[in-house]
Number of protein chains: 2
Amino acid sequence: MSTRYGSRPTMKDVAATAGVGLKTVSRVVNGEAGVTPDMAARVQAAIAELGFRRNDSARLLRKGRTASVGLLLEDIADPFSGQLSRAVEEVARMHGSLLFTGSSGEDARHEQELALAFCARRVDGLVVVPAGGDHRYLLPELAAGIAAVFVDRPAQLIDADAALTDNVGGAREGVAHLIRHGHRRIAFLGDLPQIHTAAERLRGYREAMAEAGLPVDEAWIAMAPTDPASVAASVDRVTGGAAPVTAVLSGNNRITLGVLRRLPALSPRPALVGFDDLELADLLTPGLTVVAQDPAALGRAAADLLFRRLAGDDAPPRRIVLPARLIPRGSGEAGPDGR
Amino acid sequence: MSTRYGSRPTMKDVAATAGVGLKTVSRVVNGEAGVTPDMAARVQAAIAELGFRRNDSARLLRKGRTASVGLLLEDIADPFSGQLSRAVEEVARMHGSLLFTGSSGEDARHEQELALAFCARRVDGLVVVPAGGDHRYLLPELAAGIAAVFVDRPAQLIDADAALTDNVGGAREGVAHLIRHGHRRIAFLGDLPQIHTAAERLRGYREAMAEAGLPVDEAWIAMAPTDPASVAASVDRVTGGAAPVTAVLSGNNRITLGVLRRLPALSPRPALVGFDDLELADLLTPGLTVVAQDPAALGRAAADLLFRRLAGDDAPPRRIVLPARLIPRGSGEAGPDGR
């Protein structure tokens, strides 16, 4: 096959060593019937002696499938991605499928490169946390039979399965919680506005304020990068000035980290509800109140959708929406006077 | 090629549509010379019209390599694995390679299944956080030319490249730090003793105690599962009884989480140094003192070793050992009286 794998024993070598025909070896290797126990034992002994291993890639490619799935994340190092990834892996494993993973780094061009690289390896399907705003580049792949499910954020400009969190509802609930604790001036610190989840959470914030009949000062809203310095600048802006906010809804786990790092410098300390849970949230003083997503449930839902498609389900694209859950722990229950 | 991908356009289809020969299409697709600009334009137009995509798996297999790497983790959902994974991915990307990932769940049998499944897809190499105690199952794969680098823990019963943290030195430094703050009775809460890193960190604990001339009561040592209930039981045991410890070295991030959850129930509160850093460690009260590994540096070192091997480096197996770093933040600086 090549120089690199020239030293790999082949089925022919096994047949020669066992003193049987090639077809017999093939039957044993592929678990097919029609081989006597004695023959099978001789083949197994030759396999063990030579260290022969079946080449699944070649075998699967001949069958027209690869028993592999491409999982495209924003950043595998983010805890949200890690939990989602583990859940997809477990579903894939039940279906005998291996997982390619890759991180787009919130870069549409890199998302496309990775997705097409997975497709060029003929993955059976893709699970995608999309970074880009135009997924028409996938149309030839979908037409050729690759299944694709979007997760966390929907596909753009194509119609595809998606597993999402109820971002509007979750943000609305977080803001309503702050309003119930007496806050009237509430900030929303979100990720960049072109990110679907950020835009949806902003919408939930606006809806909750409108439902309570509260005006929104646009100065209370920051849609910005999530690095600590940017978040600190946003915190300073919304808590400074003539009418500072008394509470903050932070739009994702990275923004929450930035806010938490800035809070000790502030007096009075604004109430805080974070979108996304954090591992040590209950051990902080005060405990961190969050609107929690369930990344593992998202991953499972997306992978289940994918394998249903691979099993032949050709119903119109589905959208599964999972609820977000408010977990009060202290930081979101302080009143406007900081207590 | 198959029923499933029967609808995919082939190079033959492109040649027919463009009105050129198959060899011309092949030259354009593979970026080879010898095609006039006019011909190339006609081929590109046919490719766009038909939605043709090169099949990289078949192409790479013919060349005897797959431009893919298998990364075997303990649990991709663990932040340590996530950071390590991202670093491996970035190095692989620079080398034009895609990543299969899988989680062994600390199960030796599952590690072997996954590693061999990756090999059966003819990955060029493996990066393995091993769970098992016998890696001879990889010998036929290594003989056939698959490169393997172990990370976080070394291979067992085979000689292979490894990128490790200085676990003995890190634990020794953590315990010496507690001793410098006046502690004499110090507990070590580690993971299961068959796990290499757990055994090494226990060794570092014993060395630091011996260096300071301090006796070790075996009741101060717990090598146990890392679920919260087990850790809580270990904490209660070492802080109870006639001669309770005044300080704890917790052996990894999951054990530290368990200890942190149990501490509020204890008075006096023992001093704590955790092996592995945690994302909110600096925001706790007191801040969490840790012996920090650098999972991204481990991943980079392992991936660099791997790609050096794939580039033809056939020097004897190397072991790279990275330092761990003590970060004092408060919890490890309290004296034996709890202040």
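Counting starts from 1 at the beginning of each chain's written sequence and moves along it residue by residue. Here every chain gets a letter starting at A, and every ligand a number starting at 1, in the order they are written. Per-residue local features are limited, in this predicted model, to residues with pLDDT of at least 70; the limit for side-chain atom pairs, both in listing and counting, is 80 or more; totals at the level of whole chains, interfaces and linings are taken over all residues. Side-chain figures throughout are based on the complete set of non-hydrogen atoms in the structure, without hydrogens or water.

As for the interface of chain A and chain B
Interface size, as often reported, equals the accessible area lost upon joining of the parts. Throughout, a contact is declared for two residues whenever any of their heavy atoms are within 4.5 Å. Taken together, the contact between chain A and chain B spans 73 residues of the former and 73 residues of the latter. Both faces considered, chain A and chain B share a buried interface measuring about 6000 Å² in area, 52% of it formed by carbon and sulfur atoms. If you sort the residues of chain A by the area they bury against chain B, Leu98, Arg121 and Arg122 of chain A come out on top, with a joint share of 12%. Throughout this description, the term salt bridge denotes a Lys or Arg side-chain nitrogen within 4 Å of a carboxyl oxygen of Asp or Glu. Linking chain A to chain B there are 6 salt bridges. Where Glu113 of chain B meets Arg93 of chain A, a salt bridge forms, and the shortest distance between an N and an O atom there is 3.7 Å. As used in this structure description, the phrase polar contact means that two N or O atoms lie within 3.5 Å; if the pair is within protein, one of them must be able to donate a hydrogen and the other to accept it, and residues adjacent in sequence are counted only when both atoms belong to side chains. Inspection of the chain A/chain B interface yields 15 residue pairs in polar contact (both at pLDDT 80 or more). Looking at the side of chain A that touches chain B, the elements with two or more residues in it are helix H4 (56-63), helix H5 (79-94), strand E2 (98-103), helix H6 (108-120), helix H7 (139-143) and helix H11 (253-262) of chain A. Ranked by residue count, the leading element in the side of chain A that touches chain B is H6 of chain A, at 8 residues. Residue polarity follows a fixed list, in which Ala, Val, Leu, Ile, Met, Phe, Trp, Tyr, Cys and Pro are nonpolar, Asp, Glu, Lys and Arg are charged, and the others, Gly among them, are polar. In terms of residue class, the side of chain A that touches chain B is made up of 33 nonpolar, 19 polar and 21 charged. Strands were regarded as paired on the criterion that DSSP finds at least two bridges between them. Segments assigned H or I by DSSP are reported as helices when at least four residues long, segments assigned E as strands when at least two residues long, and all are numbered from the N terminus. Bridge count for E2 of chain A against strand E2 (residues 98-103) of chain B is 3 bridges, and the pairing is antiparallel. When the bridges of E2 of chain B are listed, Leu99 of chain A appears paired with Thr101 of chain B. By buried area we mean how much accessible surface two parts lose on assembly, using a 1.4 Å probe and totalling the loss over both.

A few points about the environment of Glu90 of chain A
For Glu90 of chain A, the location among the structural elements is in helix H5. Spatially, the C-alpha atoms of Glu90 of chain A and Ala265 of chain A are 43 Å apart, while their sequence positions differ by 175 residues.

Looking at the layout of surface pockets
In this approach, a probe sized like a water molecule rolls over the atoms, and the result shows the empty space that is left. As defined here, a cavity is a set of points on a 1 Å grid over the protein atoms alone where a 1.4 Å probe fits but cannot get out. A pocket is an open set with protein on both sides within 12 Å along at least five of seven lines, and residues line them when an atom is within 4 Å of a point. Grid points are joined across faces, edges and corners, and a volume is the space filled by probe spheres set on the points. Taken as a whole, the largest pocket holds about 1300 Å³ of empty space. What lines the largest pocket is a set of 48 residues, among which Pro79, Gln83 and Glu279 of chain A together with Pro79 and Glu279 of chain B lie closest to the centre. Among the secondary structure elements, those contributing two or more residues to the lining of the largest pocket are H5 and H11 of chain A together with helix H5 (79-94) and helix H11 (253-262) of chain B. Sort the elements by how many residues they give to the lining of the largest pocket and H11 of chain B lands first, with 5 residues. A class-by-class count of the residues in the lining of the largest pocket yields 18 nonpolar, 10 polar and 20 charged.

Topic: the pattern of salt bridges
Going through the model one piece at a time under the given rule, you end up with 46 salt bridges over all chains. The salt bridge involving Arg261 of chain B is made with Asp282 of chain A; its shortest N-O contact spans 2.6 Å. Note that Arg261 of chain B is positioned in helix H11 and Asp282 of chain A in the loop between strand E9 (271-275) and strand E10 (289-292), a pairing that runs across two chains. Arg318 of chain B is the salt-bridge partner of Asp313 of chain B, the closest N and O atoms lying 3.1 Å from each other. Each of Glu74, Asp78, Glu106, Asp152, Arg153, Asp191 and Arg254 of chain A takes part in one network of salt bridges that share partners.

Regarding the domain arrangement of chain A
Residue and element names in this part refer to chain A. Boundaries of every domain are those given by an automatic assignment or by a domain database. Looking at chain A, the domain boundaries give domain 1 (11-54), domain 2 (66-165 + 295-323) and domain 3 (167-293). Buried area between domain 2 and domain 3, summed over both chains or domains, comes out near 890 Å², and the portion from carbon and sulfur atoms is 45%. Together, Asp78, Arg153 and Thr165 form the three largest contributors to the area buried by domain 2 at its contact with domain 3, with a combined 43%. Summed over the shared surface of domain 2 and domain 3, the number is 2 salt bridges. The interface formed by domain 2 and domain 3 holds 4 residue pairs in polar contact (both at pLDDT 80 or more) in total. When contributions to the side of domain 2 that touches domain 3 are tallied by element, the ones reaching two or more residues are H5 and helix H12 (295-310). Grouping the amino acids of the side of domain 2 that touches domain 3 by side-chain chemistry returns 5 nonpolar, 1 polar and 5 charged.

Observations concerning the side chain of Ser68 of chain B
Relative to the elements of secondary structure, Ser68 of chain B occurs in strand E1 (residues 68-73). Relative accessible area serves as the criterion here: at 2%, Ser68 of chain B is assigned to the buried category. Setting aside residues up to four positions removed in sequence, Ser68 of chain B forms contacts with Phe100 and Arg121 of chain A together with Ser97, Leu98, Phe100, Arg122, Val123, Asp124 and Gly125 of chain B. Each residue is assigned to one of three classes by its accessible area relative to the maximum for its type, calculated with a 1.4 Å probe on protein chains only: buried under 20%, partly exposed between the two thresholds, exposed over 50%.

Digging into the relation of the copies chain A and chain B
Mapping between the two copies of the chain is achieved by a rotation about an axis and a shift along the axis. We superpose the copies by least squares over the C-alpha atoms of residues that have a pLDDT of at least 70 in both of them. Once chain A has been moved 0.0 Å along the axis and rotated by 180°, it coincides with chain B to within an RMSD of 0.1 Å. Look at the turn and shift together and you get a two-fold axis relating the two. Among all residues of chain A, the one whose C-alpha sits closest to the rotation axis is Phe100 of chain A, at a distance of 2.1 Å. The fraction of interface residues of chain A whose copies in chain B are also interface residues reaches 100%, indicating that both copies meet through the same surface.

So, the sheet that holds strand E6 (residues 186-190) of chain B
Sheet strands associate in pairs through backbone hydrogen bonding, adopting either a parallel or an antiparallel arrangement. All names here are of chain B. Here 6 strands make up an open sheet; going across it, the order is E7-E6-E8-E9-E10-E12 and the pairing mixed. Each edge of the sheet is formed by a strand with only one pairing partner; in this case those strands are strand E7 (221-223) and strand E12 (325-327). The average undirected angle you get between the axes of adjacent strands in this sheet is 15°. Summarising the sheet, strand E9 (residues 271-275) and strand E10 (residues 289-292) pair through 3 bridges and their orientation is parallel. Residue pairing across strands places Gly274 opposite Val290, the latter belonging to E10. Whenever a helix is involved, its axis is fitted only over the stretch in contact; in every case the axis is a line through C-alpha atoms, and angles between N-to-C directions fall within 0 to 180 degrees. Here helix H8 (residues 167-180) sits on the sheet and contacts E6, strand E8 (247-250), E9, E10 and E12; the angle it forms with E9, its principal contact strand, is near 170°. Strand contacts of helix H10 (residues 228-239): E6 and E7, with the helix running at about 165° to E6, the strand carrying the most contacts.

A closer look at the environment of Arg261 of chain A
On the accessibility criterion, Arg261 of chain A (39% relative accessible area) is partly exposed. Residues Arg261 of chain A and Ala232 of chain A lie 29 residues apart in sequence; the distance between their C-alpha atoms is 8.1 Å. Look past the residues within four positions of Arg261 of chain A in its chain and what remains in contact with it is Glu279, Asp282 and Leu283 of chain B. A distance of 3.2 Å separates the side chain of Arg261 of chain A from the backbone oxygen of Glu279 of chain B, its partner in a polar contact.

Quick word on the pairing of E9 of chain B
Side-chain positions along a regular strand alternate between the two faces of the sheet. Residues and elements named next belong to chain B. Among the 5 residues in E9, 5 count as buried, and that is most of the element. Taking every second residue as pointing to the same face, both faces of E9 are buried, with Ala271, Val273 and Phe275 on one and Leu272 and Gly274 on the other. As judged from the 4 bridges shared by E8 and E9, these two strands associate in the parallel manner. What sits directly across from Ser250, in E9, is Gly274. Note on the crossover from E8 through H11 to E9: the handedness is right-handed. For the handedness criterion, the strands are oriented away from the viewer, and a crossover whose path from the first strand over the helix to the second runs clockwise is classed as right-handed.

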